[in-house]
Amino acid sequence: MGKSLLCNITALIKSCTHLSQFKQIHAQIIKHQTLTPHFITFHLSKLASLSALLTIHNNGVNLSYANFILNYLQNPPISLYNSLIRAHSLGNHPIESVLLYRKMLRHGVVPNNYTFTFLIKGCGRMRDCDHGLMIHAHVVERGFDRDCHVQSSLIRVYAKRYDLFSARKVFEYCDGDDVVSWNCMIDGCVRCGDMGMARVVFEKMGCKDVVSWNVVISGYGVEGDVGEAEKVFEGMPVRNVVSWNSMLGVYARCGRVDDAVGLLGRMPRRDVVSWNTMLACFEQSGRGKEVMALFHEMMRDGFVKPDEVTCATVLSACAALGALDQGKLVHEYIVERKIEANPIVKTALLDMYSRGGCISEAVQVFHSIENKDVLAWNTMLSAMARHGRGKEALQLFDQMREEGLEPNDMTFGASLSACSHAGMVEEGQKLLHNMSSTYRVEPKIEHFGCVIDLLARNGHLGEAIQLVESMPMEPNATIWGALSAGCRIHSNSEVGGNVGKHLIDLEPSHGGRYVSLSTVYSAAKQWYESSEVRNLMNGRKVDKVSGSSTSAERPSI
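The following paragraphs examine the structure supplied in this document. Owing to the predicted nature of the structure, the values given are computational and were not obtained by experimental measurement.

Once that is clear, we can look at the overall build of the protein chain. The helix and strand tally for the protein chain stands at 32 helices and zero strands. By the burial criterion, 46% of the 557 residues in the protein chain qualify as buried. Within the protein chain, residue pairs in contact and separated by at least 24 positions form 59% of the contacts whose partners lie at least 6 positions apart. A total accessible area of about 28,800 Å² is found for the protein chain, and carbon and sulfur atoms account for 50% of it.

So this is what it looks like as structure tokens:
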């Protein structure tokens, strides 16, 4: 076989971007029977390794072709085993990496440090700790316990399982100049919530790099210690964009919106994380108009393109503002720019359409979500509740259970709210009872509030009062408010008067409580009592709650 053909095959393998291309080259290798066994083994191994790597980059899970080549070759090289172990460790079933490792040992193939590095990462993604301990034992047995890559992987895995003691034991044997191991140990302490130990390791570290400083800043953000984070940030000898983003994240996490705005203005360069962090900071603080204004600035800036996180945050702000037109424009932008509409983006779209009154569009988005998580189901249930579709909501609840997803307290909150909006008394009572008895989810005061509101609004005031008395927690203003609303609807001034007085005692500065009680008395034509409540309100100089509205300018996208 000519040297030019050998070079061509090697070049073609490196340029492959699709599985069909790998198979075409595979066919050419088989077709030329003059190739040596060494050449065939080497290039088929290269094909399999690159196809496994391509699968990882494309977030795929189909490794059948690479596995086929592995089983076809008589003596697969360690590099092929390592590629497949790595792919399995990052896939949906990391246990496959351990099974492949065992197969490799049975065939007499000797593992190297890369084998263990990939295996340990896979063990870190498993619930069972036994596999990780077994691999660690093999690491020591094979003499790789002093390899820096293996040590760093072990520290990460132990810290991820909140076993800081074992992580420190591994760290004690690390090379003092290996910056990766030191950074892993600092990050492990942060992950385990031990900022004191993280700071001790950081101060002892003689080979700090920018990552070391960034991890400590983020750790103080998790602790809510803005002052220490600022000291570390200001003391940095060199900063990169991640450093600025870390400090920005501290301000955002701690609700320091104005400080975050100031820091964003000082940043020498912004990436998409910078913009997304500030957008999320505004959105989580209920400052939807600022979200839209910053989004427009990001679009005008033009240097950084919005991604799926940007779009999800902006859509959430549109939902909160009731800015349906803006939300639709963002949806159009997502489609036109082919931004990945992952489940988070689609859930934000669903919420935006449902809050904007477009329930049919919300349903369409919901059905387009593949691999729906509990958040997607909860958002759809809330949409049904918001639009008074109680029966459809309960059908969704049953469908969610049939698909193997366990409902959480938010699921029950949305479902009970749907029953309340639709006046489905029996269904709501049954669902509240089944929460703890069937699904082992303890009802919170919000769940009791939904059913009390449901009973009171539908004239079952006696049962509503019994439920209030049986609650394991003290009723709050929301509970008494639900009872008050029911009394007002059904003109029950006797119960309504007592409930209204409870509310005024709980919230003496809330003008709406006085107005509500006065209305209850007026509906029962108890004019004197109604006047007394008004006089009490004026005497305490309590103002009425004024109405408000929210609007947003139309964006140009």
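That shown, we press on.
The subject of this paragraph is the packing of helix H29 (residues 477-489) against helix H31 (residues 511-523). Relative orientation of the contacting elements H29 and H31 amounts to 25 degrees, with a least axis distance of 10 Å. Of the possible angle classes, the one that applies to H29 and H31 is roughly parallel. As for the relative orientation of H29 and H31, their crossing is left-handed in sense. Of H31, the residues touching H29 (which contributes Ala477, Gly481, Ser484 and Arg488) are Arg513, Ser516, Thr519 and Val520. Looking at the contact of H29 with H31, its residues break down into two nonpolar, four polar and two charged.

The next subject is the packing of helix H6 (residues 95-106) against helix H7 (residues 113-123). Orientation of H6 relative to H7, taken along the N-to-C sense of each, is 145 degrees, at an axis distance of 9 Å. Here Ser97, Val98, Tyr101 and Met104 of H6 lie close against H7, whose contacting residues are Thr115, Phe116, Leu119, Gly122 and Cys123.

Moving on: helix H18 (residues 288-301). An ideal rise of 1.5 Å per residue puts 20 Å on 14 residues; H18 measures up with 20 Å between its terminal C-alpha atoms. When we look at burial in H18, the residues that qualify are Gly288, Val291, Met292, Leu294, Phe295, His296 and Met298. Here the buried face of H18 lies against helix H16 (257-266), helix H17 (272-284), helix H19 (308-321) and helix H20 (324-336). With its phi angle positive at about 75 degrees, Gly302 sits one or two positions after the end of H18.

Within the secondary structure, Leu248 sits in helix H15 (residues 241-253). Sequence separation between Leu248 and Val261 is 13 residues, and the spatial gap between their C-alpha atoms is 8.6 Å.

Scanning the model with the defined rule gives 14 salt bridges in all. The salt bridge involving Glu290 is made with Arg287; its shortest N-O contact spans 3.2 Å. With a closest N to O distance of 3.0 Å, Asp351 and Arg355 form a salt bridge. Residue Asp351 and its partner Arg355 are located together in helix H21 (residues 343-355), separated by four residues, close to a single helical turn.

Let us look at unusual backbone geometry. A positive phi angle is found at Tyr162, which is not glycine, with a value near 60 degrees. Here Tyr162 shows up in the loop between helix H9 (148-160) and helix H10 (164-171). One non-glycine residue, Arg440, lies in positive phi territory at about 55 degrees. Its place among the elements puts Arg440 in the loop between helix H26 (425-437) and helix H27 (445-457).

Within this structure, the stated rule accounts for nine aromatic pairs. Arranged with centres 5.5 Å apart and planes meeting at 55 degrees, the rings of Phe397 and Phe412 form a pair that is tilted. With Phe397 in helix H24 (residues 390-402) and Phe412 in helix H25 (residues 409-422), the pair connects residues that are 15 residues apart, well separated along the chain. The exposure classification of Phe397 matches that of Phe412, with both residues buried. Judged by centre distance (5.7 Å) and plane angle (85 degrees), the rings of Phe397 and Tyr439 are edge-to-face. Residue Phe397 is located in helix H24, and its partner Tyr439 is located in the loop between H26 and H27; the two are separated by 42 residues in the primary sequence. Classification of Phe397 as buried rests on a relative accessible area of 3%. Cluster of aromatic residues (ring-pair linked, three or more members): Tyr101, Phe116 and Phe144. Sitting above the plane of the Phe202 ring, Lys208 keeps its charged end 5.0 Å from the centroid. Over the aromatic face of Phe366 sits the side chain of Lys372, whose NZ or CZ is 5.1 Å from the ring centroid.

Nonpolar side chains tend toward joint burial in soluble globular proteins. Membership of the largest hydrophobic core comes to 114 residues, with the highest contact counts inside it found for Phe116 and Met278. If near-sequence neighbours (up to four positions away) are discounted, Met278 is found in contact with Leu248, Val257, Ala260, Val261, Leu264 and Leu294. Core analysis: the next-biggest nonpolar cluster, separate from the first, contains 33 residues, Leu394, Leu461, Leu483 and Val495 among them.

Let us look at the state of the cysteines. Enumeration according to the criterion identifies zero disulfides in this entry. Free of any disulfide, Cys450 has its nearest cysteine sulfur in Cys419, 9.0 Å distant.

This part is about the side chain of Lys346. Mapped onto the secondary structure, Lys346 falls in helix H21. Buried within the structure, Lys346 lacks any salt-bridge partner; its nearest side chain of opposite charge belongs to Glu370, at an N-O separation of 6.5 Å. Filtering out sequence-adjacent residues up to four positions away, Lys346 remains in contact with Ala341, Val365, Ser368 and Ile369.

Another point: H29. With 13 residues, H29 extends 18 Å from end C-alpha to end C-alpha; this agrees with the ideal 18 Å at 1.5 Å per step. By the criterion of burial, H29 is predominantly enclosed, with 10 of the 13 residues buried. Within the sequence span of H29, burial applies to Ala477, Ile479, Trp480, Gly481, Ala482, Leu483, Ser484, Ala485, Gly486 and Cys487. Those residues of H29 that are buried lie in contact with H27, helix H28 (461-470), helix H30 (493-506) and H31. Between the side-chain oxygen of the N-cap and the backbone nitrogen of Thr478 there are 3.1 Å, and the N-cap of H29 in question is Asn476. At the C-terminal side of H29, Ser491 shows a positive phi close to 50 degrees.

For Leu80, the location among the structural elements is in helix H5 (residues 78-90). Residue classification places Leu80 among the buried positions, given a relative accessible area of 0%. Considered as a pair, Leu80 and Asn67 are 13 residues apart in the sequence and their alpha carbons are 9.6 Å apart.

Basis of the calculations
- Residues numbered from 1 in each chain as written.
- Predicted model: local features only at pLDDT ≥ 70, side-chain atom pairs only at ≥ 80, totals over all residues.
- Heavy atoms only, no water.
- Helix = DSSP H or I, 4+ residues; strand = E, 2+ residues; numbered from the N terminus.
- Buried < 20%, exposed > 50% of the residue type's maximum accessible area, 1.4 Å probe, protein only.
- Contact = heavy atoms within 4.5 Å.
- Areas by Shrake-Rupley, 256 points an atom, 1.4 Å probe, with all protein chains shown as cover.
- Axes fitted to C-alpha atoms, helices over the stretch in contact; angles between N-to-C directions.
- Parallel < 35°, antiparallel > 145°, perpendicular 65-115°, else oblique.
- Left-handed = near helix turned anticlockwise from the far one by under 90°.
- Nonpolar A, V, L, I, M, F, W, Y, C, P; charged D, E, K, R; others polar.
- Expected span 1.5 Å × (residues − 1).
- Salt bridge = Lys/Arg side-chain N within 4 Å of Asp/Glu carboxyl O.
- Phe/Tyr/Trp six-rings, centres within 6.5 Å; stacked < 30°, edge-to-face > 60°.
- Lys NZ or Arg CZ within 6 Å of the ring centre and 35° of its normal.
- Core = buried A, V, L, I, M, F, W, Y, C linked by side-chain atoms within 4.5 Å.
- Disulfide = S-S within 2.5 Å.
- Lys, Arg positive; Asp, Glu negative; His and termini not counted.
- Polar contact = N/O pair within 3.5 Å; in protein donor to acceptor, adjacent residues only side chain to side chain.

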